[in-house]
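# Inside the fold
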Protein chains: 2
Amino acid sequence: MEEKVVYIAGMGLIGASLALGIRRQHPDYKILGYNRSDQSRQIALERGIVDEATADFKAFAPLADVIILAVPIKQTIDFIKVLAQLDLKENVIITDAGSTKLKIIQAAEKYLPADKVQFVGSHPMAGSHKTGAIAANVHLFENAYYIFSPTRLTREETIPRLKDLLLGLKARFIEVEAAEHDLVTSQISHFPHILASALMEQAGDYANGHELTNHFAAGGFRDMTRIAESEPGMWTSILLSNSDAVLERLTDFKNRLDAVAELIGQKDEEAIWHFFDAGRRKRKEMEIHKRAGVDSFYDLFVDVPDEEDVILQILELLRGTSLVNVHINEENRDDINGILQISFKSESDLLHAQTLISQHTDYHVYLD
Amino acid sequence: MEEKVVYIAGMGLIGASLALGIRRQHPDYKILGYNRSDQSRQIALERGIVDEATADFKAFAPLADVIILAVPIKQTIDFIKVLAQLDLKENVIITDAGSTKLKIIQAAEKYLPADKVQFVGSHPMAGSHKTGAIAANVHLFENAYYIFSPTRLTREETIPRLKDLLLGLKARFIEVEAAEHDLVTSQISHFPHILASALMEQAGDYANGHELTNHFAAGGFRDMTRIAESEPGMWTSILLSNSDAVLERLTDFKNRLDAVAELIGQKDEEAIWHFFDAGRRKRKEMEIHKRAGVDSFYDLFVDVPDEEDVILQILELLRGTSLVNVHINEENRDDINGILQISFKSESDLLHAQTLISQHTDYHVYLD
């Protein structure tokens, strides 16, 4: 391993958490940080997340063996252009952390000198409702997909070297072509954000003539519109950097709405039933059933009776374990008992908890 | 109060929970139950949810002062036709529990004799992932909206008498015209079910050519598609009984998708930002922020630090309290601390818990 100096631009949740993950595996590496605003830069310094921090992006770039751009998509592209003008270390590895990959990779291939720098696209697929360096969390990427998208500036050594650097994240590394990445995320993330916000817009307008709309919305509507509260700037930028894929999904979706409308118009009971049933069956197959939440954690499930203090009883057994969350599951299941879902930060805590609960209770305990 | 015999058709979750709520306030009333299948009928009898049970709907109808039809919409309409042919008690009150109101009320007004029976539409707006008499819960409707939709067969005394009968539910009674009820629920419930299932269908088809779709879906997608796992038969029946309103919302939604597509096509960054921002602001205004889940409970919020055993510490304070659920909130908020949401079955438990946590910790505790 040759990397000694890592430069992370952006001390937000992602950049600062990447720094912690790198340090966990490589405590001897020097980590330099850039952040435009004072607050997260100060926190990153005070907490030792980085060794040194700057508000001048250019300042540390020439010192780095690896540069990670953990800033918004547009700024990532701007920084790529800036880096192209600097005198960087020979064979420096540059990567990013953006939610779309094609536009960023196109910029890298266009502006960066292939004979001098290596570049691979990155998308660590984790997030949190918390933001900023103050929310930095060494566990953020554990068990999460961490996508590498190769480019013409990716050499044979690039991804292996980055994987070694990022080993401490304990993420699930996977290589995905940039185009495929952007298509898949348009389906499962970018276009659904439009759906959620459009539904919210529609309900808001409807409430003007039908005031009870503001009051009768319950669990289903709440869950469907949760992501409509995401940060508008980030999603505007994601949409604009993946517009073709998103527009294709949007058109496809309108066709599906037309098809359902036709079934309803024809009062085709059987076909409507199959439409709902197919969605139900498909969802049960998907990996989402195994994931804890926005973040990726290790989940334990316990079938518990509807009795007083049952959650307390379990948590007492787990005292001192680093559990992240506890919840009686509200998914639509046919079970009579509630399913208590407990999320842990590490697999060893998970297995330890499973043993404890099995030994001290009669409840059925399982991992998925 | 004159009601002495209440006949509930349908010993599912709703019918059986209504029986428990009626008994809580009126332990001296006789409650008779109908259920086609043996299992829920037996459970309702064994647990004393009803005094007597039958598999022959007609059998108990002539004995009743109040008849509550807690069966699927189509069956509700069929039973209204059956009741029209029976020799019922003078001035019997008939009501239902269906998710749409117009079709049921039209049937009641068409078939039932206005000079002999009273009819008002009902929609108790609560549910659970649990089903059947075995899941019956006297707390199911607490704090939930319970809608009465008046008809030509509703007399001045009808709703007051029903409110007295149902006082034990501790629901929020509200009168809403059937047409308005069906419009509002098309927006916040019926049409969103189409969106969720269509998104699931779309992702399922996309996964055939893009296998990673099955794996990369995370929290946002999971929440948006949760209701796609609902029981297909129930939603088919709801859609078909409210098709005009649902189709109107569907067409309106397609226009909104067109508008967003145009903004993306024009790369109108500012307008897209405003689209997302408006959704975010609107959602924060809605009552959903105060509701716990599919069910309606009393919620307490505690700002807690990300420390070991913090949930355990709080639950120990609350030992013996009838809490329903506990969860660190994953909503997109800007807070640094986590928000621990604790749901209680009663307001008194909620207030007691608030006092306990305020006295024994430094954490900020609040109700909404």
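In this report, we go over the structure that sits alongside the text. (Residues numbered from 1 in each chain as written. Chains lettered and ligands numbered in written order. Predicted model: local features only at pLDDT ≥ 70, side-chain atom pairs only at ≥ 80, totals over all residues. Heavy atoms only, no water.)

This next bit is on the overall build of chain A. Each helix and strand counted, chain A has 14 helices and 12 strands in total. Viewed in the frame of its principal axes, chain A has a C-alpha envelope of about 65 × 55 × 40 Å. Taken across its 368 residues, chain A has 61% of its residues classed as buried. When contacts within chain A are restricted to residue pairs at least 6 apart in sequence, long-range pairs at least 24 apart make up 74% of them. (Helix = DSSP H or I, 4+ residues; strand = E, 2+ residues; numbered from the N terminus. Buried < 20%, exposed > 50% of the residue type's maximum accessible area, 1.4 Å probe, protein only. Contact = heavy atoms within 4.5 Å.)

Let us now look at the interface of chain A and chain B. The interface of chain A with chain B comprises 124 residues on the first partner and 125 residues on the second. Both faces considered, chain A and chain B share a buried interface measuring about 12600 Å² in area, 62% of it formed by carbon and sulfur atoms. Here chain A is connected to chain B by 14 salt bridges. With a closest N to O distance of 2.4 Å, A:Asp223 and B:Arg226 form a salt bridge. Here the element with the most residues in the side of chain A that touches chain B is helix α7 (residues 178-209) of chain A; it accounts for 24 residues. (Buried area = accessible area lost by both parts, 1.4 Å probe. Salt bridge = Lys/Arg side-chain N within 4 Å of Asp/Glu carboxyl O.)

What follows covers unusual backbone geometry. Not every positive phi belongs to a glycine, and A:Lys170 is a case in point at roughly 55°. Within the secondary structure, A:Lys170 sits in the loop between α6 (158-165) and β8 (172-175).

The next point concerns the nonpolar core. Formed by 131 residues in total, the largest nonpolar core has its most connected members in A:Ile67, A:Ile94, A:Ile194, B:Ile67, B:Ile94 and B:Ile194. Every residue in contact with B:Ile94, bar those within four places of it in the chain, is listed here: B:Ile67, B:Leu69, B:Leu83, B:Leu88, B:Leu112, B:Val117, B:Gln118, B:Phe119 and B:Val120. Listed in part, the 42 residues of the second largest apolar core include A:Leu315, A:Leu350, B:Leu300 and B:Ile314. (Core = buried A, V, L, I, M, F, W, Y, C linked by side-chain atoms within 4.5 Å.)

Attention now goes to the packing of aromatic side chains. Enumeration according to the criterion identifies 24 aromatic pairs over all chains in this entry. When the centroid spacing of 5.4 Å and the interplanar angle of 80° are considered together, the rings of B:Tyr34 and B:Phe79 count as edge-to-face. With B:Tyr34 in strand β2 (residues 30-34) and B:Phe79 in helix α4 (residues 73-84), this residue pair connects regions lying 45 residues apart in the sequence. Taken individually, B:Tyr34 and B:Phe79 each receive the classification buried, so the pair is uniform in this respect. Of the aromatic side chains, those joined through ring pairs into one cluster are A:Tyr7, A:Tyr34, A:Phe57, A:Phe60 and A:Phe79. Above the ring of A:Tyr145, the side-chain terminus of A:Arg172 is found at 4.3 Å from the ring centroid. (Phe/Tyr/Trp six-rings, centres within 6.5 Å; stacked < 30°, edge-to-face > 60°. Lys NZ or Arg CZ within 6 Å of the ring centre and 35° of its normal.)

With an axial shift of 0.1 Å and an RMSD of 0.1 Å, the rotation relating chain A to chain B amounts to 180°. Taken together, the turn and the small shift mark the pair as related by a two-fold rotation axis. For chain A, the minimum C-alpha distance to the rotation axis belongs to A:Met224 and amounts to 2.0 Å. (Least-squares fit on C-alpha atoms with pLDDT ≥ 70 in both.)

Attention shifts here to the sheet that holds strand β1 (residues 5-9) of chain B. Residues and elements named next belong to chain B. The strand order across the open sheet built from 8 strands is β3-β2-β1-β4-β5-β6-β7-β8, with neighbouring strands paired in mixed fashion. The strands lining the two open edges of the sheet, one partner per strand, are β3 (52-54) and β8 (172-175). For this sheet, the mean angle separating the axes of adjacent strands, direction not counted, is 20°. (Pairing = 2+ DSSP bridges. Axes fitted to C-alpha atoms, helices over the stretch in contact; angles between N-to-C directions.)

Bringing the pairing of strand β1 (residues 5-9) of chain A into the picture now. Residue and element names in this part refer to chain A. Buried residues dominate β1, accounting for 5 of its 5 residues. Neither face of β1 is left uncovered, since the one carrying Val 5, Tyr 7 and Ala 9 and the one carrying Val 6 and Ile 8 both have all their residues buried. As paired strands, β1 and strand β2 (residues 30-34) are joined by 5 bridges and run parallel to one another. Counterpart to Val 6 in the pairing with β2 is Ile 31. Once you follow β1 into helix α1 (residues 13-25) and on to β2, the crossover reads as right-handed. Of the strand pairs in this sheet, β1 and strand β4 (residues 66-69) are connected by 4 bridges, and their pairing is parallel. Each residue of the ladder has a partner; that of Ile 8, found in β4, is Ile 68. (Right-handed = clockwise from strand over helix to strand, strands pointing away.)

All names here are of chain A. Pairing is mixed in the open sheet, where 8 strands are placed in the order β3-β2-β1-β4-β5-β6-β7-β8. In this open sheet, the two strands that pair with only one neighbour each are β3 (52-54) and β8. Adjacent strand axes in the sheet meet at a mean angle of 25° when their direction is disregarded. Sitting on the sheet, α1 touches β1, β2, β4, β6 (117-124) and β7 (145-149), and the angle it makes with β1 is about 160°. Its contacts with the sheet place helix α4 (residues 73-84) against β1, β2, β4, β5 (92-96) and β6, and it is angled at close to 150° to β4.

The element helix α10 (residues 232-241) of chain A is largely enclosed, with a buried count of 8 among its 10 residues. Restricting attention to buried positions, one finds in α10(A) the residues A:Pro232, A:Trp235, A:Thr236, A:Ser237, A:Ile238, A:Leu239, A:Leu240 and A:Ser241. Contacts from the buried residues of α10(A) go to α4, α5 (102-111), α7 and α11 (243-265) of chain A together with α11 (243-265) and α12 (269-285) of chain B.

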